[in-house]
Amino acid sequence: MFEIRDVDLAGRIGVLHTKSGSIETPAFFPVIDPLRQELPVDEVERAGFKQVITNAYLTLKRFGPRAVEEGIHGVLGFHGVIMTDSGAYQILEYGDIEASQEDVIRFQESIGSDIGVILDIPTGDVGHEEARRSVEETLRRAREAVSLIEGSRTLWVLPVQGGRHLDLVEYSAREASRLEGYSIYGIGSPTVFLERYMYDVVVDIVYTAKRLLPGGRPVHLFGAGHPLIIPYAVALGVDTFDSASYILYARDDRYITDYGVERLDKLDYFPCTCPVCSRYTPQELREMDKRERTRLLALHNLYKIRESISKTKQYIREGRLWELLEESSLKHHKARDAMARIARYASHLSQTDPRSKGVVRGIRLYTQTSLANPKVLAYRSKASSLYPRMYTRPGYTLILEPHTGDCTRPPEGVEVAYYKPFLGVIPWQLCGVYPTVQSHHPSELDRGVIEDLAREIRSFLSRLGPEKPREIVIVIDDSIPWSSEASRLLEGLGVKTVRRG
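Residue indices follow the written sequence of each chain, beginning from 1 at its first position. Where local features are concerned, this predicted model is filtered to residues with pLDDT of at least 70; where side-chain atom pairs are given and counted, the filter is 80 or more; whole-chain, interface and lining totals use all residues. The side-chain quantities take in all heavy atoms of the structure and omit both hydrogens and water.

Novice: Even after reading the chapter, I still don't get the overall build of the chain, so can you show me in this structure?
Specialist: On a plain count of helices and strands, the chain comes out with 20 helices and 20 strands. The principal-axis extent of the C-alpha atoms belonging to the chain is close to 90 × 55 × 40 Å. Each residue is placed in one exposure class: buried if its accessible area under a 1.4 Å probe, protein chains only, is under 20% of its type's maximum, exposed if it is over 50%, and partly exposed if it falls in between. Residue burial in the chain is summarised as follows: out of 501 residues, 59% are buried. Here, two residues are considered to be in contact whenever any of their heavy atoms come within 4.5 Å of each other. For the chain, the proportion of contacts with a sequence separation of at least 24, taken over those separated by at least 6, is 69%. Only the protein chains shown count as covering a residue, and every accessible area follows the Shrake-Rupley method with a 1.4 Å probe. Carbon and sulfur atoms provide 47% of the accessible area of the chain, an area that totals close to 20700 Å². Working convention for charge: Lys and Arg count positive, Asp and Glu count negative, and His plus the chain ends are omitted. By convention, charge coordinates are those of NZ in Lys, CZ in Arg, CG in Asp, or CD in Glu. Side chains of the chain give 65 positive and 68 negative charges; the mean places of these two sets differ by 4 Å. Elements are defined by DSSP. Helices are runs of H or I of four residues or more, strands are runs of E of two residues or more, and each kind is numbered from the N terminus.

If you want it as structure tokens, here you go:
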């Protein structure tokens, strides 16, 4: 049902097989309203989306027997993969719906949904006690639904609830993982936080749920429809997304960018080269009929979401997903919050992160968050474990000098180690080991990075083998800003320093 074909951090490229066809993940499911399609579904498909999602409850209310007769593919006029939501959003908005869980499940089965969702109770942004009730009721319904979905060809989604209450998210995910019959897990109720750009809260929710769910099954994040959140969610292990953001923004004359959402009347130029932005100017769109303007803005918004998905996949393929997260964090202050939160979970993410794969690519290092790059952590852990075994010759002189790319074998009686921001100390025996020469950073660095380098040098000197050096010499290169800055933080070590440059 789900094949994992490539991984980076906890993100993966996979293939999800359904009865109507297969889709590559990460994948975005645009929300389709069969009664109101300013952007026709065939244009959604031509924009590169082989999968959509629609609301089963609203389809039941509006179409009834016709939907059963034509099937959901006939109602929508779409022959790709169709996911149907149960009506839980209406429960969140209005408190209840006029259908039982059994009604909704059997209806989704009867209309030929490829992926269906049980009738869960979304948490929203509420207090702990109300959140607990939504978790317990969702789990009760999930257990009840097991007998209803047994033997179904539809792939059924079990939502994890709890909202910002991470103890409840943990409980919900743990209990959900014990239930049989579900093919996909969903993470519910992020929309209220995403609308407020509370990406750090969403990172916490996804991380908490994902680390307790079975790793071999796909995970869906409900209501995530902005390019900024997609790489962060994928890095934590989310495989599929859905949202109506593309059309809701368009109806309100809002234009999705890499860095947020802009109002059309504030734009003089389009910062995009999609088919819409290449053909029209903002002024031309403003002068159009409202329906046509909405259609074109919705199409542009979909292209931006697709671009984010495709870029994320490429970075996974190259093993550089962490770098994409850092680059994205520079586009919005809330994305920076998400990056800082993900950095807290770096040690967990590094457990699934490959050191390198395919063509070896250098890693780009930027700010303090780069210190948590799993490839950096992996090198430092390995090097640190080797320090005590590397320096065993009696009476040697140890020279520490800045690493600028070249390493040479030291003469008899001398040991050489190099120091480099982010990586720390590189013994000459490890020169060339990935990523000692396959990493790049700016010459001007945050003070936190320099302080980290000084700590790493001190740690290295404290962990030398039983044969201590006769003399320690630290070379300071004043032509390299980070070298001279680090030297000021190494005062008091009682070692000899030599300046050059």
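Still more ground to cover, so stick around.
Novice: What's the story with the sheet that holds strand β8 (residues 155-160) in this structure? I'm lost.
Specialist: Picture the strands of a sheet paired through backbone hydrogen bonds; they go either parallel or antiparallel. Pairing is parallel in the open sheet, where eight strands are placed in the order β4-β11-β10-β9-β8-β7-β6-β5. The two strands at the open ends of the sheet, each matched to only one other strand, are β4 (27-30) and β5 (51-55). The mean inter-strand angle of the sheet, taken between neighbouring strand axes irrespective of direction, is 25°. Only strands that DSSP links by at least two bridges are regarded as paired with each other. In the sheet, β4 pairs with strand β11 (residues 240-243) via four bridges, with the strands oriented parallel. Across the sheet, F28 pairs through a bridge with F241, a residue of β11. The strands touched by helix α5 (residues 101-110) are β6 (81-85), β7 (115-117) and β8; relative to β8, the strand with the most contacts, the crossing angle is about 145°. In this analysis, axes come from line fits to C-alpha atoms, helices being fitted only over the stretch in contact, and the angle between any two N-to-C directions falls in the range 0 to 180 degrees. Sitting on the sheet, helix α7 (residues 166-176) touches β8 and β9 (184-187), and the angle it makes with β8 is about 150°.

Novice: It is not clear to me how the side chain of D114 should be interpreted in this structure. Could you clarify?
Specialist: Topologically, D114 is positioned in the loop between α5 and β7. The exposure class assigned to D114 is buried, which follows from its relative accessible area of 0%. For D114, the side chain forms a polar contact with the side chain of S20, separated by 2.6 Å. Ignoring anything within four residues of it in the chain, the contact list for D114 reads T18, K19, S20, H73, G80, V81, I82, T154 and L155. Here a polar contact means two N or O atoms within 3.5 Å. Within protein one must be a hydrogen donor candidate and the other an acceptor candidate, and residues neighboring in sequence count only if both atoms are side-chain atoms.

Novice: Even after reading the chapter, I still don't get the sheet that holds strand β2 (residues 11-18), so can you show me in this structure?
Specialist: Taken together, the three strands give an open sheet; going across it, the order is β1-β2-β3, and neighbouring strands pair in antiparallel fashion. The strands lining the two open edges of the sheet, one partner per strand, are β1 (2-8) and β3 (21-25). Neighbouring strand axes in the sheet, compared pairwise and without regard to direction, differ in orientation by 10° on average. Here β1 pairs with β2 via six bridges, running antiparallel. Each residue of the ladder has a partner; that of I4, found in β2, is G14.

Novice: Hey, could you run me through unusual backbone geometry in this one?
Specialist: Leave glycine aside and you will find that most residues have negative phi; peptide bonds, for their part, are mostly trans. Put simply, T25 and P26 share a cis peptide bond, and its omega is 0°. As for its position among the elements, P26 is in the loop between β3 and β4. Despite not being glycine, S189 shows a phi value in the positive range, around 70°. Residue class for S189 comes out buried when judged on its relative accessible area of 10%. Here the phi dihedral of Y197 falls at roughly 55°; this positive angle occurs in a residue that is not glycine. Note that Y197 resides in the loop between α8 (191-195) and α9 (199-210).

Novice: Which parts of the structure should I look at to understand the pattern of salt bridges?
Specialist: Close approach of charged atoms allows side chains with opposite charge to pair. The salt bridge definition used is simple: a Lys or Arg side-chain nitrogen within 4 Å of an Asp or Glu carboxyl oxygen. Overall, the coordinates contain 45 salt bridges when judged by the stated rule. Salt-bridge contacts for R320 lead to E323; the nearest nitrogen and oxygen are separated by 3.1 Å. One exposure class covers both R320 and E323, and it is buried. Salt bridges sharing partners connect three or more residues here, namely E318, R320, E323, E327, R361 and R364.

Novice: I tried to follow the environment of R458 on my own but got confused; where do I start?
Specialist: Inspection of the secondary structure assignment puts R458 in helix α19 (residues 447-462). Sequence separation between R458 and R46 is 412 residues, and the spatial gap between their C-alpha atoms is 58 Å. Among residues more than four places away in sequence, those in contact with R458 are L489, L490, E491 and L493. At a separation of 3.0 Å, a polar atom in the side chain of R458 contacts the main-chain carbonyl oxygen of L489.

Novice: I tried to follow the nonpolar core on my own but got confused; where do I start?
Specialist: Proteins that are soluble and globular tend to have nonpolar side chains buried together. For this analysis, a nonpolar core means a set of buried residues of the types Ala, Val, Leu, Ile, Met, Phe, Trp, Tyr and Cys, connected via side-chain atoms within 4.5 Å. Y182, L221, F241 and I342 are the most contacted members of the largest nonpolar core, which has 102 residues in total. Of the residues forming this core, the biggest block, 10 residues, is contributed by helix α14 (residues 290-318). Apart from residues no more than four positions distant in its own chain, F241 is found in contact with P26, A27, F28, F29, H220, L221, A224, I230, A233, V234 and I309. In this structure, I363, M390, I426 and L490 belong to the second largest nonpolar core, which totals 41 residues.

Novice: Please explain the state of the cysteines as it appears in this structure.
Specialist: Two cysteine sulfur atoms make up a disulfide if the distance between them is within 2.5 Å. Scanning the entire structure with this criterion turns up one disulfide. The disulfide bridge from C407 ends at C431, spanning 2.1 Å between sulfur atoms. Classification of the bridge connecting C407 and C431 rests on its S-S torsion, roughly -75°, and on that basis the disulfide is left-handed. Highlighted residues: C407 in the loop between β15 (397-402) and β16 (414-420) and C431 in the loop between β17 (424-427) and β18 (439-440), separated in sequence by 24 residues. The class for C407 is partly exposed, based on a relative accessible area of 27%. Of all cysteine sulfurs in the structure, the one in C274 sits closest to C272, which takes part in no disulfide; the separation is 3.7 Å.

Novice: What am I meant to see in the pairing of β16 here?
Specialist: Consecutive residues of a regular strand have side chains that alternate between opposite faces of the sheet. Most of β16 is tucked away: seven of the seven residues are buried. Because side chains alternate across β16, one face comprises the buried residues V414, V416, Y418 and K420, and the other comprises E415, A417 and Y419, equally buried. Relative to β16, β15 runs parallel, the two being bridged by six bridges. Across the sheet, the residue bridging to P402 is Y419, located in β16. Note that β16 and β17 share four bridges and pair antiparallel. Bridge pairing in β17 links Y418 to I426. In sequence, β16 turns back onto β17 through a hairpin of three residues, with F422 there showing a positive phi of about 75°.

Novice: Even after reading the chapter, I still don't get the pairing of β8, so can you show me in this structure?
Specialist: Buried residues dominate β8, accounting for six of its six residues. Where burial is concerned, the two faces of β8 agree: the one with L155, V157 and P159 and the one with W156, L158 and V160 are both buried. Two elements, β7 and β8, share three bridges in a ladder whose sense is parallel. Within β8, the position partnered with V117 by the bridge is V157. Bridging between β8 and β9 involves four bridges; their strand directions are parallel.

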